[in-house]
Structures are given as structure tokens and as C-alpha cells.
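# Coordinates in review
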Amino acid sequence: QVQLVESGGGLVQAGGSLRLSCAASGRTFSIYAMGWFRQAPGKEREFVAGISRSGGSTYYADSVNGRFTISRDNAKKLVYLQMNSLKPEDTAVYYCAAGPPYSDDVSADAGVGSWGQGTQVTVSS
């Protein structure tokens, strides 16, 4: 398994931007697809964005497509989520996630092998 630590959350006004980072430990980072999920108060955790093991393929939830960008640096064992044009409904705890090894799909909650501790993102109107 891989251990994950998120950073970069905070308070931002609507229309603003934030970049989340996720640092991974372990020798085999590149065998995992990586993703971001979020959970708003009173709601279930939902998929936000995913990236394949090589970084060559990305996929997004409809609600963030065109506003958020996921990327990864396998040499540094980092994953990023650039969030632009933020809306109050983006307010949530954001979690970094590692998918099952040797798979490029991390869109399902049930398929996640490792979770970070979460970082709070609050968007004010």
C-alpha cells in the first residue's frame, strides 16, 4: 500500500483558485492510478478526478470538468488538483486516493486501496 498526505486546502472566494497536493510514500507509486474524491457535509463521498498510472489519461466528474485539472509527478510521488472557478458547492473535504495496483481506474470508491486524511476546501459566496 501507499501512504498519502494532502495539503493545500483553505478558504477562497467564489471564482477563485486553489491547488491541492498529495504526497505519497512508498517505492511503487507509479503502479497506482490516483484520484481525488470529496465529501460535503451531509452528503456521500463522491469522485472528482482521476489520472492513469502514466499520467497520460485523465477523467473528471461532470460537475468539475473544465474547471479542475488533475496531474501527477511520478518522480516526486506527487499528485495535484488544480481547482479554478470555484463555486460554493465545491465546499467539501477533499481526499486523495490510490486505486488498486496495476489498474488505471480509480473512479469507484470501493476500488480505492489507500486514502489520505483529507483537506478542507471552503468556497465563500
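Here we summarise the structure given alongside this text. Numbering of residues starts from 1 in every chain and runs along the sequence as written. Local features in this predicted model are restricted to residues of pLDDT 70 or higher, and side-chain atom pairs are both shown and tallied only at a pLDDT of 80 or more, whereas totals for entire chains, interfaces and linings draw on every residue. Computation of side-chain values: all heavy atoms of the structure, hydrogens and water removed.

### With respect to the nonpolar core
Note on terminology: a nonpolar core comprises buried Ala, Val, Leu, Ile, Met, Phe, Trp, Tyr and Cys residues joined through side-chain atoms within 4.5 Å. Summary of the burial criterion: residues with accessible area below 20% of their type's maximum are buried, those above 50% are exposed, and those between are partly exposed, where the area comes from a 1.4 Å probe applied to protein chains only. With 36 residues, the main nonpolar core has Met 34, Trp 36, Leu 81, Met 83 and Tyr 94 as its most contacted residues. Strands here mean DSSP runs of E at least two residues long; helices mean DSSP runs of H or I at least four residues long; both are numbered from the N terminus. When residues of this core are traced back to their parent elements, those giving at least two are β3 (18-25), β4 (32-39), β5 (46-51), β7 (68-73), β8 (78-83), β9 (92-101) and β11 (119-124).

### Brief notes about unusual backbone geometry
Located in the positive-phi region is Lys 77, a residue other than glycine, with phi close to 60 degrees. Judged by relative accessible area, Lys 77 falls into the partly exposed class, the value being 26%. Not every positive phi belongs to a glycine, and Tyr 102 is a case in point at roughly 65 degrees. Within the secondary structure, Tyr 102 sits in the loop between β9 and β10 (114-115).

### What to know about the side chain of Ser 114
Note on placement: Ser 114 falls in strand β10. In this structure Ser 114 comes out as buried when scored by relative accessible area, which is 8%. At 3.0 Å, the side chain of Ser 114 and the backbone oxygen of Val 2 are in polar contact. What qualifies as a polar contact is a pair of N or O atoms within 3.5 Å, subject to a donor-acceptor requirement within protein and to the restriction that residues adjacent in sequence count only when both atoms come from side chains.

### A look at the packing of aromatic side chains
Stacked, tilted and edge-to-face pairs are distinguished by plane angle, under 30 degrees for stacked and over 60 for edge-to-face with tilted covering the rest, among Phe, Tyr and Trp rings (Trp via its six-membered ring) whose centres lie within 6.5 Å. Tallied over the entire structure, the rule returns four aromatic pairs. When the centroid spacing of 5.6 Å and the interplanar angle of 75 degrees are considered together, the rings of Phe 37 and Phe 47 count as edge-to-face. Of this pair, Phe 37 sits in strand β4 while Phe 47 sits in strand β5, placing them 10 residues apart in sequence. Judged by centre distance (6.3 Å) and plane angle (85 degrees), the ring pair of Tyr 95 and Trp 115 falls under edge-to-face. Note that Tyr 95 is positioned in strand β9 and Trp 115 in strand β10, a separation of 20 residues in sequence. The class for Trp 115 is partly exposed, based on a relative accessible area of 27%.

### Details of the pattern of salt bridges
Counted as salt bridges are all cases of a side-chain nitrogen of Lys or Arg within 4 Å of a carboxyl oxygen of Asp or Glu. Tallied over the entire structure, the rule returns five salt bridges. Among the salt bridges present, the one from Asp 109 reaches Arg 45, with a minimum N-O distance of 3.3 Å. In this pair, Asp 109 is assigned in the loop between β9 and β10 and Arg 45 in the loop between β4 and β5, connecting sequence segments 64 residues apart. Residues participating in the shared-partner salt-bridge network are Arg 38, Glu 46, Arg 67 and Asp 90.

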